Amino acid sequence: MLKTDLHVGWTVRAAGGEVPPEIAASALPATVPGTVHTDLLDAGLIPDPFLGTNEADLAWFHRSAWRYDTVLRADPAEPGERVDLVFDGLDTVATVELDGVELGRTANMHRGYRFDVRHLLRDGAIPLTVRFDSALEHAEEFERAHGSRPRPYPHPFNAVRKMACSFGWDWGPDLQTAGIWKPVRLERWRVARLASVRPLATRSRLTVHVAVERASTAELHVEVEAAGWRARIALPGDDGVVELDIPDAPTWWPVGYGEQPLVPVTVTLLDGEEILDEHETRVGFRDVRLDESPDEIGSRFTLLVNDREIFVLGLNWIPEDHLLTRLTRERLADAVDRAVAANTNLLRVWGGGIWESDDFYDVCDERGVLVWQDFPLSCGAYAEEEPMRSEILAEARENITRLAPHPSLVLWNGGNENIWGHEDWRWKEQLDGATWGAGYYYRDFPALLAELDPTRPYHPGSPSSPGHDPETVHPNDDRYGTRHEWEAWNREDYTYHDNFVPRFCSEFGWQAPPAWSTLVATIAPDDLHKESAAFLLHQKAEDGNGKLDRGLAHHMAVPEEFTAWHWATQLNQARATAYAIMHLRTHAPRTMGSILWQLNDCWPVTSWAVVDGAGRLKPAWYALRRAYAPRGLAFVKRDGGTVLAAVNDTDSPWQAPLRLRRIRFDGPELAAADETLDVPARSVALLPLGTALLEAAEPDREVLVADVDGQRATHLFAEDRDLRYDPAAVRAHAVPAEGGYSVTVTAASFARDVAVLADRVDPDAVVDDMLVDLLPGETHTFTVTSTATVDGEVFGAPEVLRSANSLTIPAKVG
């Protein structure tokens, strides 16, 4: 097998649509893999679509066509030789021609394509052309032929196999990319090649399924080597299975439960002793199953790895950059590392994005981050007629096979909110009996997985109540399966979570703007207000700002000044995040999973992400890290009252002195109790509180405090808007330190949610902690990592040193 990348010498030019004349005038160099957007950006022909209102100015791209050209120089095929032109990914509606001969047409960015070109090779330069037509127009044509189907957004993203959020989402831009987005190469081979290799590893067994494509009837053998073990079989037909029992295989564990050993696997295709083709990968030896057994409530939804129950501490993952081809392994590793640093053990690859790259799954394998993989169908009804069905099943088959080796992948999920949408969003009357995707979720995907990957559990959709007719048991019923909790954000308040105890909550979240440095790098100074066109273009949620304001009003006054509003909404997101997570965690083992929406953003935007589009940590990230810590403390509601909850998600008992105090904001201790905290391993304890602690004499100026092992939980007796905070409770003193600065904050009165917004000083600065509650006389030292040289006093400026207290007075504009 000889593989030659075809990534140089490409040009791209407009081939149709209302393309601006200065762009349509000539061809320009094209980067492959890449997209037209990134080529136009590199050439300076379009403005950055992530900035200002540029996204709207580029809407002409949606109905444009583009042509990629290069020349292929390759020796003619020799007798008995096969030569294939291989595209790993084309985005999306493409026509491929070699030397004027059409090789094929594609309409699916989620799969690869292979063309036999041996009959077209000759001496000299051979023109190779790939034309991309409008994915939007293709989807509209599909709808005209097969009927329009329900979806939440104007563009028919559910009528073409393209990344759904490429057409815009309630957190993402509407750019509709096109291009050769994955590698392209020429492959020359004789006799046979490995068409697919599918290793499936359990705790002590490796089963390798091999399929070959033949160019002869030669007698073939396949050899597999792993962990010092080797097996070889004859391959009389086109497929075979190699099985290795490895009783002492090193066990792969999720992060927080053990190590993540990865074992190299080599699969060799042989004609006699001649190596025809070889495939190298890695596997991790582990077992995974999903406990959905009935109980007195409904049925469980508990993930087990190596027979250990895992409370899932998860985050929803969207594409890390809307312009996908800019992503590198390093950027993906940085994003996953931010999740791990926040004590996350699972990432859910959401169904409106893509099948992620091998780099993503490799990184998760190495970090021990579990992956929940949606099939890419989201928030829409999907036709089950041809050619849609064949495309969806072809991409599923290809990607199930591709992802099989990865131990991090532990759950397949049929799609996002499609079953729920069919039941609740008035789809039935719109569909009038038309297909909508049920065949995929209940028949096709289970059948494919039974054939290709019986080692992992399957869930028909998130949310859903497996084993029950959705018309009988609602897909979002909290007694079964998975639940999405969006009433809290959309219509209620984050305390609304108290009304439900789901078995597993796979989506919930709260919005906030990006970090200040990200915001000011994205929109002009004159647009730094929440009603500017530029700010609103970067707020995609329906009535998003209205929901932010109403969410604030439940707890605090809504600031009129923009910088104060920016901090208040970020603070409210952080509180909403912690509140919901601790509600879920403290209901274990009834509840066994929390997947916050969402980890990341694909561009700079007001969204539910805890890390913004520039990779900066929002305050909510720090709240998440604390809420997902192996051991956590929180005051929670139970049976109409307040109790102290202690979560111990470690393998050791948590036994430590516990100090409880009711304190007035200015310092006097009004009530106190000393207890011994005793929480068994992997358990939750609820501690009732005495009347003296819970009955505040002055609810507007008292706080209940619990301290144990350096952890603190606080409970206020009124909402912020009614509390008599000291607005000048804290002061800061900063000194240079190795790698940055030490900022010591001292409280003269109770200070809630103290934060140093270090990016206001240096856009690249990162602070080690946020949202610290300080009692009168206490100090806390924040470590700021920064290479900037600044006057330390700037860390005490009111726009930098923030707290809940600071929202009682206007902040300095800056």
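Analysis parameters
Residues numbered from 1 in each chain as written. Predicted model: local features only at pLDDT ≥ 70, side-chain atom pairs only at ≥ 80, totals over all residues. Heavy atoms only, no water. Helix = DSSP H or I, 4+ residues; strand = E, 2+ residues; numbered from the N terminus. Rg over C-alpha atoms; globule rule 2.2 N^0.38 Å. Buried < 20%, exposed > 50% of the residue type's maximum accessible area, 1.4 Å probe, protein only. Areas by Shrake-Rupley, 256 points an atom, 1.4 Å probe, with all protein chains shown as cover. Lys, Arg positive; Asp, Glu negative; His and termini not counted. Charge placed at Lys NZ, Arg CZ, Asp CG, Glu CD. Phe/Tyr/Trp six-rings, centres within 6.5 Å; stacked < 30°, edge-to-face > 60°. Core = buried A, V, L, I, M, F, W, Y, C linked by side-chain atoms within 4.5 Å. Contact = heavy atoms within 4.5 Å. Salt bridge = Lys/Arg side-chain N within 4 Å of Asp/Glu carboxyl O. Pairing = 2+ DSSP bridges. Axes fitted to C-alpha atoms, helices over the stretch in contact; angles between N-to-C directions. 1 Å grid on protein atoms, 1.4 Å probe; cavity = no way out; pocket = protein on both sides within 12 Å on 5 of 7 lines; lining within 4 Å. Points joined across faces, edges and corners; volume = space filled by probe spheres on them. Nonpolar A, V, L, I, M, F, W, Y, C, P; charged D, E, K, R; others polar.

Visitor: Help me out: how do you make sense of the overall build of the protein chain in this one?
Guide: Regarding its fold elements, the protein chain presents 17 helices and 44 strands. A compact globule built from 814 residues would reach a C-alpha radius of gyration of about 28 Å, and the protein chain, at 28 Å, matches this within 12%. Overall, the protein chain is about 95 × 65 × 60 Å in size when its C-alpha atoms are taken along their principal axes. Counting every position in the protein chain, which comprises 814 residues, the buried fraction comes to 60%. By element, 49% of the accessible surface of the protein chain is carried by carbon and sulfur atoms, the whole surface being about 30000 Å². Taking the average location of the 78 positive side-chain charges in the protein chain and that of its 127 negative ones, the two points are 1 Å from each other.

Visitor: Please explain the packing of aromatic side chains as it appears in this structure.
Guide: Within this structure, the stated rule accounts for 41 aromatic pairs. Their ring planes at 70° and their centres at 5.2 Å tell us that Phe301 and Phe504 sit as a pair that is edge-to-face. Of this pair, Phe301 sits in the loop between strand E20 (288-291) and strand E21 (302-305) while Phe504 is found in the loop between helix H11 (487-490) and strand E29 (505-508), placing the two residues 203 residues apart along the sequence. Grouping residues by exposure puts Phe301 and Phe504 together as buried. Ring centres 5.8 Å apart and planes at 80° place the aromatic pair Trp489 and Trp608 in the edge-to-face group. One end of the pair, Trp489, is in helix H11; the other, Trp608, is in the loop between strand E30 (593-596) and helix H16 (619-627), with 119 residues separating them in the sequence.

Visitor: Looking at this model, I keep getting lost on the nonpolar core. Mind explaining?
Guide: Nonpolar side chains in soluble globular proteins tend to end up buried together. In terms of nonpolar packing, the biggest core is built from 154 residues, with Leu347, Phe360, Phe375 and Phe445 touching the most fellow members. When residues in this core are grouped by element, the largest group, 11 residues, is from helix H15 (residues 562-585). Setting aside anything within four residues of it in sequence, one finds Phe445 in contact with Phe375, Leu377, Ile392, Leu393, Ala396, Gly414, Tyr440 and Tyr458.

Visitor: Help me understand the pattern of salt bridges, please; the structure alone is not making it clear to me.
Guide: Where charged atoms from two side chains of opposite charge approach closely, those side chains can pair. Here the structure, examined in full by the defined rule, presents 83 salt bridges. Here Arg203 makes a salt bridge to Asp307, at a shortest N to O gap of 2.6 Å. One end of the pair, Arg203, is in the loop between strand E13 (192-201) and strand E14 (205-214); the other, Asp307, is in the loop between E21 and strand E22 (308-310), with 104 residues separating them in the sequence. Judged by relative accessible area, Asp307 falls into the partly exposed class, the value being 49%. Of the charged contacts in the structure, one is a salt bridge between Asp321 and Arg331, with a shortest N-O distance of 3.0 Å. Placement of Asp321 in the loop between strand E23 (312-317) and helix H5 (329-341) and of Arg331 in helix H5 is noted, with a sequence separation of 10 residues between them. Among the ionic contacts, a cluster of salt bridges with common partners joins Arg82, Asp84, Asp88, Arg114, Asp116, Arg118, Arg185, Glu187, Arg193 and Glu213.

Visitor: What should I look at first to understand H16 in this one?
Guide: Every α-helical turn comprises 3.6 residues, leaving residues that sit three or four positions apart pointing alike. For H16, the buried fraction is high: 7 of the 9 residues fall into the buried class. Among all positions of H16, only Pro619, Ala620, Trp621, Tyr622, Ala623, Leu624 and Ala627 are buried.

Visitor: Please explain the sheet that holds strand E1 (residues 2-5) as it appears in this structure.
Guide: Sheets are built from strands paired through backbone hydrogen bonds, the pairs being either parallel or antiparallel. A sheet is described by the order of its strands in space; here 4 strands give the open sequence E1-E12-E5-E8, paired in antiparallel fashion. Two strands in the sheet have a free side with no partner beyond their single neighbour: E1 and strand E8 (113-116). In this sheet, neighbouring strand axes are inclined to one another by 25° on average, regardless of whether the strands run parallel or antiparallel. By the bridge criterion, 7 bridges tie strand E5 (residues 81-87) to strand E12 (residues 184-190) in an arrangement that is antiparallel. When the sheet's bridge partners are listed, Val83 is paired in E12 with Arg188.

Visitor: Just to check I follow, could you spell out the sheet that holds strand E35 (residues 683-687) for this structure?
Guide: The 3 strands are arranged E31-E32-E35 in an open sheet whose pairing can be described as antiparallel. Sheet topology places strand E31 (631-638) and E35 at the edges, where each strand pairs with a single neighbour. Pairwise comparison of adjacent strand axes, ignoring direction, gives a mean angle of 25° for this sheet. Its contacts with the sheet place H15 against E31, strand E32 (641-648) and E35, and it is angled at close to 90° to E31.

Visitor: Is there a simple way to think about the side chain of Gln573 in this case?
Guide: Looking at where Gln573 falls in the secondary structure, it is placed in helix H15. When residues no more than four places from it in sequence are discounted, the contact partners of Gln573 are Trp510, Gln511, Ala512, Ser607, Trp608, Ala609, Lys618 and Ala620.

Visitor: Would you explain the environment of Pro514 in this entry?
Guide: Looking at where Pro514 falls in the secondary structure, it is placed in the loop between E29 and helix H12 (516-522). Judged by relative accessible area, which is 2%, Pro514 ranks as buried. Through-space distance from the C-alpha of Pro514 to that of Ser803 is 18 Å; in sequence the pair is 289 residues apart. Discounting chain neighbours no more than four positions away, the residues touching Pro514 are Leu519, His566, Gln570, Val605, Thr606, Asp612 and Lys618.

Visitor: Would you mind showing me how to read helix H6 (residues 358-367) here?
Guide: If you check which residues of H6 are buried, you get Phe360, Tyr361, Asp362, Val363, Cys364 and Asp365. Contacts from the buried residues of H6 go to strand E19 (274-283), E23, H5, strand E24 (346-349), strand E25 (370-374) and helix H7 (388-403).

Visitor: Just to check I follow, could you spell out empty space enclosed by the protein for this structure?
Guide: Which parts of space are left empty comes out when a probe the size of a water molecule is rolled across the atoms. Under the definition given, this model contains 8 cavities of 30 Å³ or more. Approximately 90 Å³ is the volume attributed to the largest cavity. Every residue lining the largest cavity is counted, 16 residues in all, and those nearest its centre are Asp133, Ala135, Gln176, Thr177 and Ala178. Of all the elements in the fold, those that place two or more residues in the lining of the largest cavity are strand E9 (126-133) and helix H4 (135-146). For the lining of the largest cavity, a count of residues per class yields 7 nonpolar, 6 polar and 3 charged.

Visitor: I'm lost on the pairing of E21 in this one. Help?
Guide: Consecutive side chains along a regular strand alternate between the two faces of the sheet. Here E21 shows no split at all, with Thr302 and Leu304 on one side and Leu303 and Val305 on the other all buried. Sheet analysis places E20 next to E21, joined by 4 bridges and oriented antiparallel. Residue Val288 lies in a different strand from E21, and its bridge partner there is Val305. As paired elements, E21 and E22 share 3 bridges and run antiparallel to each other. Counted as the bridge partner of Leu304 is Glu309 from E22. What sits between E21 and E22 in their antiparallel hairpin is a turn of 2 residues, with Asn306 showing a positive phi close to 55°.

Visitor: Got a minute to help me understand the layout of surface pockets in this structure?
Guide: Its volume calculated, the second largest pocket comes out at about 1300 Å³. Considering the residues around the second largest pocket, the lining is formed by 46 residues, among which Ala578, Ala713, Thr714, Arg752 and Asp773 are closest to the centre. Elements supplying a minimum of two residues to the lining of the second largest pocket: H15, H16, E31, strand E37 (711-716), strand E40 (751-756), strand E42 (772-774) and strand E43 (779-785). Looking at the lining of the second largest pocket element by element, the count peaks at 8 residues for E31. Partitioning the lining of the second largest pocket into residue classes produces 19 nonpolar, 11 polar and 16 charged.

Visitor: In this structure, what is going on with unusual backbone geometry? I would like to understand it.
Guide: Trans peptide bonds make up the majority, and among non-glycine residues the majority have a negative phi. Of the consecutive residues Val32 and Pro33, the connecting peptide bond is found in the cis state with omega at 0°. On the secondary structure map, Pro33 appears in the loop between strand E3 (28-29) and helix H2 (36-42). Cis geometry is adopted by the peptide bond preceding Thr92, which originates at Asp91 and carries an omega value of -5°. Relative to the helices and strands, Thr92 is located in the loop between E5 and strand E6 (93-98). The backbone of Cys379 shows a phi angle near 55°, a positive value even though the residue is not glycine. Along the polypeptide, Cys379 turns up in the loop between E25 and H7.

Purely geometric stuff here, so don't read any function into it on its own.
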